[in-house]
Amino acid sequence: MGSLKDQEELEESNDAILYVNGTRRVLPDGLAHLTLLEYLRDIGLTGTKLGCGEGGCGACTVMVSHYDKQLKKCLHYAVNACLAPLYSLEGMHVITVEGLGNNKQGLHPIQESLAQSHGSQCGFCTPGFIMSVYALLRSSQMPPSEEQIEECLAGNLCRCTGYRPIVDAFRVFAKTDDKPYTGISSVSLEGGEFVCPSTGKPCSCGLKSEISSNGHERSTCEERYAPVSYSEIDGSKYTDKEFIFPPELVSRKSTCLNMNGFSGLKWFRPLRLEQVLDLKEKYPDAKLLVGNTEVGIEMRLKKIQYRVLISVTHVPELGILNVKDDGLEIGSAVRLSELLKVLRKVITERAAHETSSWNIRTTAAENFFLGYRKVDLGSGEILLSVFLPWTRPFEYLREFKQAHRRDDDIAIVNAGIRVHLEERGKNRVVSDASIVYGGVAPLSLSATRTKGFLIGKSWNQELLQGALKILQQDVLLSDSAPGGMVEFRKSLTVSFFFKFFLWVSHQLEGDKGLKERIPLSHLSAIQPFHRPPVIGTQDYEITKHGTAVGSPEVHLSARLQVSGEAEYADDTPLPHNGLHGALILSKKPHARILSVDDSGAKLSPGFAGIFFAKDVPADNKIGPVVYDEELFASEFVTCVGQVLGVVVADTHEKAKLAAAKVKVEYKDLPAILSIQDAINANSFHPNTERRFRKGDVDLCFQSCQCDKVIEGEVLVGGQEHFYLEPHSSVIWTMDGGNEVHMISSTQAPQKHQKYVSHVLGLPMSKVVCKTKRIGGGFGGKETRSAFIAAAASVPSYLLNRPVKITLDRDTDMMITGQRHSFIGKYKVGFTNEGKVLALDLHIYNNAGNSLDLSLPVLERAMHDIITENWIQRIAVELKKSPEEIREINFKVKDQYCIMARNEVCQFNAHNRWRKRGVAMVPTKFGISFTLKLMNQAGALVHVYTDGTVLVTHGGVEMGQGLHTKVAQVAASAFNIPLSSVFISETSTDKLISLCNFLSPVCCQFRFLILPQPAASASSDMYGAAVLDACEQIKARMEPIASQHNFTSFAELANACYVARIDLSAHGFYIVPEIDFDWTTGKGNPFRYYTYGAAFAEVEIDTLTGDFHTRVANIFLDLGYSLNPAIDVGQIEGAFIQGLGWVALEELKWGDPAHKWISPGSLYTCGPGSYKIPSINDVPFKFNVSLLKGHPNVKAIHSSKAVATPERIRMACLDEFTASFVSSGFRAKLSV
Ligand SMILES: Cc1cc2nc3c(=O)[nH]c(=O)nc-3n(C[C@H](O)[C@H](O)[C@H](O)COP(=O)(O)OP(=O)(O)OC[C@H]3O[C@@H](n4cnc5c(N)ncnc54)[C@H](O)[C@@H]3O)c2cc1C
Ligand code: FES
Ligand code: FES
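Computed from a prediction, not measured in an experiment: that's the story for all the values here.

**Quick word on the UniProt feature "binding site: Mo-molybdopterin" (unreviewed entry) in the protein chain**
Here's step 1: UniProt records the feature "binding site: Mo-molybdopterin" (unreviewed entry) at Q747, F778 and A1015, using the numbering of this structure.
Here's step 2: Its location among the elements puts Q747 in the loop between β36 (739-744) and α21 (749-760).
Here's step 3: In this structure the side chain of Q747 is engaged in a polar contact, spanning 3.4 Å, whose partner is the backbone nitrogen of G780.
Here's step 4: Taking the relative accessible area as the measure of exposure, F778 reaches 4% and is therefore buried.

**Topic: the packing of aromatic side chains**
Here's step 1: What the rule picks out here adds up to 18 aromatic pairs.
Here's step 2: Taking 5.2 Å as the distance between ring centres and 40° as the angle between the ring planes, the aromatic pair formed by F974 and F1049 counts as tilted. Highlighted residues: F974 in helix α28 (residues 962-974) and F1049 in helix α31 (residues 1049-1058), separated in sequence by 75 residues. Assigned by exposure class, F974 and F1049 land together as buried.
Here's step 3: Here the aromatic residues Y396, W459, F497, F500, F501 and W503 are joined through ring pairs into a cluster of three or more.
Here's step 4: Between the NZ or CZ atom of R428 and the centre of the ring of F394, over which it lies, the distance is 3.6 Å.
Here's step 5: A cation over an aromatic ring shows up here: R809 above the ring of F722, its NZ or CZ 4.5 Å from the ring centre.

**Observations regarding the pattern of salt bridges**
Here's step 1: One pass over the full model with this rule turns up 55 salt bridges.
Here's step 2: Salt-bridge contacts for K324 lead to E329; the nearest nitrogen and oxygen are separated by 2.9 Å.
Here's step 3: With relative accessibility at 33%, the residue K324 sits in the partly exposed group.
Here's step 4: The closest approach of N and O atoms between D989 and K770, which form a salt bridge, is 3.9 Å. Here D989, found in the loop between β45 (986-987) and α29 (1000-1009), pairs with K770, found in strand β37 (residues 767-771); they are 219 residues apart in sequence, far enough to count as distant.
Here's step 5: Taking relative accessible area as the criterion, D989 reaches 43% and is therefore assigned partly exposed.
Here's step 6: When salt bridges with common partners are traced through the structure, they connect E38, R300, E653, K656 and D808 into a single cluster.

**Focus on the sheet that holds strand β34 (residues 708-716)**
Here's step 1: One open sheet accounts for 3 strands, arranged β34-β39-β40; its pairing is antiparallel. Whereas interior strands pair on both sides, the edge strands pair on one side only; in this sheet they are β34 and β40 (836-845). With strand direction ignored, the average angle separating the axes of adjacent strands in the sheet is 10°.
Here's step 2: Set on the sheet, helix α24 (residues 854-864) makes contact with β39 (822-830) and β40; between it and β40 the angle comes to about 160°.

**Some thoughts on the packing of α21 against helix α22 (residues 786-799)**
Here's step 1: Two numbers describe how α21 lies on α22: the axes approach to 9 Å, and their chain directions differ by 40°. In terms of orientation, α21 lies oblique with respect to α22. Between α21 and α22 lies a crossing whose hand is right-handed. When α21 is examined against α22, the residues K751, H752, Y755, V756, V759 and L760 are found in contact with a partner set consisting of A786, F787, A789, A790, S793, V794 and Y797.
Here's step 2: Partitioning the contact of α21 with α22 into residue classes produces 10 nonpolar, 2 polar and 1 charged.

About the cut-offs
- Residues numbered from 1 in each chain as written.
- Chains lettered and ligands numbered in written order.
- Predicted model: local features only at pLDDT ≥ 70, side-chain atom pairs only at ≥ 80, totals over all residues.
- Heavy atoms only, no water.
- UniProt positions renumbered as here; feature names shortened; annotations may be inferred.
- Helix = DSSP H or I, 4+ residues; strand = E, 2+ residues; numbered from the N terminus.
- Polar contact = N/O pair within 3.5 Å; in protein donor to acceptor, adjacent residues only side chain to side chain.
- Buried < 20%, exposed > 50% of the residue type's maximum accessible area, 1.4 Å probe, protein only.
- Phe/Tyr/Trp six-rings, centres within 6.5 Å; stacked < 30°, edge-to-face > 60°.
- Lys NZ or Arg CZ within 6 Å of the ring centre and 35° of its normal.
- Salt bridge = Lys/Arg side-chain N within 4 Å of Asp/Glu carboxyl O.
- Pairing = 2+ DSSP bridges.
- Axes fitted to C-alpha atoms, helices over the stretch in contact; angles between N-to-C directions.
- Contact = heavy atoms within 4.5 Å.
- Parallel < 35°, antiparallel > 145°, perpendicular 65-115°, else oblique.
- Left-handed = near helix turned anticlockwise from the far one by under 90°.
- Nonpolar A, V, L, I, M, F, W, Y, C, P; charged D, E, K, R; others polar.

Shown next, in the form of structure tokens:
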């Protein structure tokens, strides 16, 4: 066998190739620091997105194929390109979303189906979803099951859609009849009907053709799906439009690789074990790499600098998977997906007692893990394999895991518990055991005392009670233990053991050694969770006005989004000579800046400039209403993450490296870190108190009319917006700085224009901001994007060079602020029937360190939040249901809810450890901005001589379908097809009134449960402004139109042009009848209200806090919807976002409640630590209905704008939690 010293393999090893979408690419040396994602985006394949950079969102998913010489076939799998080192793909074929299909030549069935099913809103997550399903289909010989499809999407996050339409779009590929994909139908359809991929049902769409936006005839689905063949090379199915596995890679011999990267990084790919050991000897600190999901995170997020990386994926000795007589040998470089396949196979092949359960972590845990990130490996040693012995008869092994989210990567606590029982006399006695926990110590913790206790004991209740007591001595977590949730984590350790005991006892039922039977109701503790495929219904009527309004049209950008062709700010190619910016951030919550040393940054490679407060050309003070923030902190910092300055360099990585080298010396000052601390310190932003008064509340409390008065306090937690596309701005100057232009990801281009002109001292007329679309905003890009553009503008203006700043996800979450948290303190008086007579409510809004838009947020919140909490309290007080209290106060009667409640009571009576609950919440949401000036909208409409129409308006397309709805208004106004109307972008040089809001529906429903500032009137306002412009043009056209009988709109437009009629118009709209006076509390705060209700049924595991939503029914009155399909999508997305807010998402800051986090820092700054809902959180049954037959005369075309597991567990106090909580313990269940 060779070694590095005497073999030539490594010497001739920098010939690296990679195929991307069928094209051969030679990878030059020097790129070892690059990820696959960076490389793909560098070569112009920007369809693959960067959402998080930590493997947690799936936006960067691509398919990788490689030829397995042993299996003699090609293997395909989905890979997160953001963590895959570029060279690890050497010799492989990467297919990105651009490799599937495109808008010009036709979409792939997967892309088509997603677009047609309204599964793409903002579109930023879309390519990732498509590639996950594509990889699944290419690697499956048979159509996968619906469960498999949902499972393969568990790593893809979407913040917009609520997942239901995505599941529906892909469900068709699970059908037994997979004709759309394979062309081979197992069901013969009468008359040769075509199966539509969007529905899986026969349809006639294959017979039609349609006109595309560029006027060309476009083929429809049958033509796009039909051609199918079967690959002899790799054994997978593909249509003729798909790339085959490159023949060169089948015959190509792997070579050792010896590559280099930035900053002296060395990257090796040995082919034999000896070579690995030689390299380890030569470079003792070298890191071995397999999937890079750990090392990649360490290097990118934790900023650990490794100099030498050794990829061991091609070392056969580490890739073994040997099924032996006594167990399974698993090589240390085996992929988990491969292992899973083998495990699934051996479970069916071997005797049941040998595979009672499996958990690879547990087997090695006891002796291998020595301390925090320390394992029992000496220098120069590597892990060869793990041996997993088969379980013996009466040996039982189970794994347990409780995470924030069911499919979560990181467990809060996990456990592997094993016992071997022997027959002794009439009893089953424990002869051997292992009990190992993760998440309760710096290393995998072996409960040795409990193990010692168990051995020799009979398996009975006495053993259980004794073990539960001793376990508490094994698991010692101090109150300040990192991770918090101490009581919860301790209670999980005993809950898991209890579940294990019940499970083993259940396995033993019928065995003569077991005396006690488990009560039937207790089996609820061990029932395995089964998630059925999601079923959703959408019930709405279509009321069409003209050619397009009212029709459930597909989002106008959907086809571009599914093919990865839709461009977002960061996809904009950086103009020639461009630079990348990185922000220098405060690490202190409150401090005086003593000194700044930027000498290290200036020497950093690629450095091009550094800028601080003193360099700002004009005013350093910024803010949307009050100028209380500094662009670059000058003397003091007032929060962690505050911007001190900006560094520009020739790449993003180099800019970040230089920024990290800036040394700042601070003098710490006292900091207020929580809302309660702020209230205690009387620390309020000036002039921000608001008041509503109706009647005399004090008099009512004193008058004895109230039978009962209760007081309470409720904490409403904040929420990260978690738009999938991070903040990004590209900015450049023209004419030597006389003009500044930018492309920004923002909901408010006008604010970017204003901030930039303000800090540069330029007139607003010389600053232009354009936004084509954004990858989600949800209010988070309303103002909090503008300071990033302003920061980029300073170096761009001073250096006269283009500058791009795109925030990394952790920086984005840390510095841009979130939805506010609130404290509500209430006193409510009511009668014994539940009639509310008096309410005194104080709401405090955590506005953070600058005012920003917190005042309108507070004003909005005063209309909407806290109510459900005190209604619930009244219900508890009067021993009635909340629905009864609402019925008395709001005249709502919900028979459905009462029936569901009865069913739930039955279930609960029969299940000791699982409980169900139902709730029905009504909503009433005011439509308009509370800030009156923002209730205005402008639009420009141009009619061209070919009959097509260009519309520009002040709203931003962020996935909510605003452009689609507004285009529908224009199409109906001119009586032309929707495809004749185009909306390109939003731009400040076209219109000045660019106030942007969420979609009518989306904000409305998010408000059902969320505190959120933006009003919900976009399509009302911009639709009305566009209609105004269209009506003007139509009036001018009328004299010509009435003289001739034109056969087309193009003919009419051309005739008008010839007659010198102005075919452009500016439309304008102001929302009437809003005149609320905050000083008197009188007037109309809103134009009108929309109404709705949501019903949900939830099941919880009382032992762990695990939960799932079984049913959600949503009912909303939207008047006549402009586009019911888009509105339904908004409602579903909003519901799931709200579900995340109340049940999953928890921001953790370094405050008095989280002492283990550095003061003022955000701990939850990525999808790894901050959990938004995934596909597995969608209700099993998810139904949305829009009220039928109720037009809204106040809006355009009669439309209407439309507890974490810990907390659940700790609210279920029982014998397992009793020993961990003090007598005064109160569960934190409020939201
Ligand atoms: C999005 C995401 C989800 C995750 N989900 C889970 C989850 O559900 N459960 C879970 O447990 N973890 C999870 N993790 C963590 C991660 O998967 C684990 O840390 C895993 O062990 C990493 O394997 P890898 O091959 O990708 O790691 P790499 O980064 O390639 O290597 C991990 C470490 O092992 C060392 N190493 C590799 N091979 C050898 C060897 N032969 N001998 C000695 N040392 C070696 C490396 O040097 C490195 O220190 C997740 C991570 C991410 C990013
Ligand atoms: S998983 Fe790669 S960008 Fe999020
Ligand atoms: S469409 Fe999924 S994140 Fe916007």
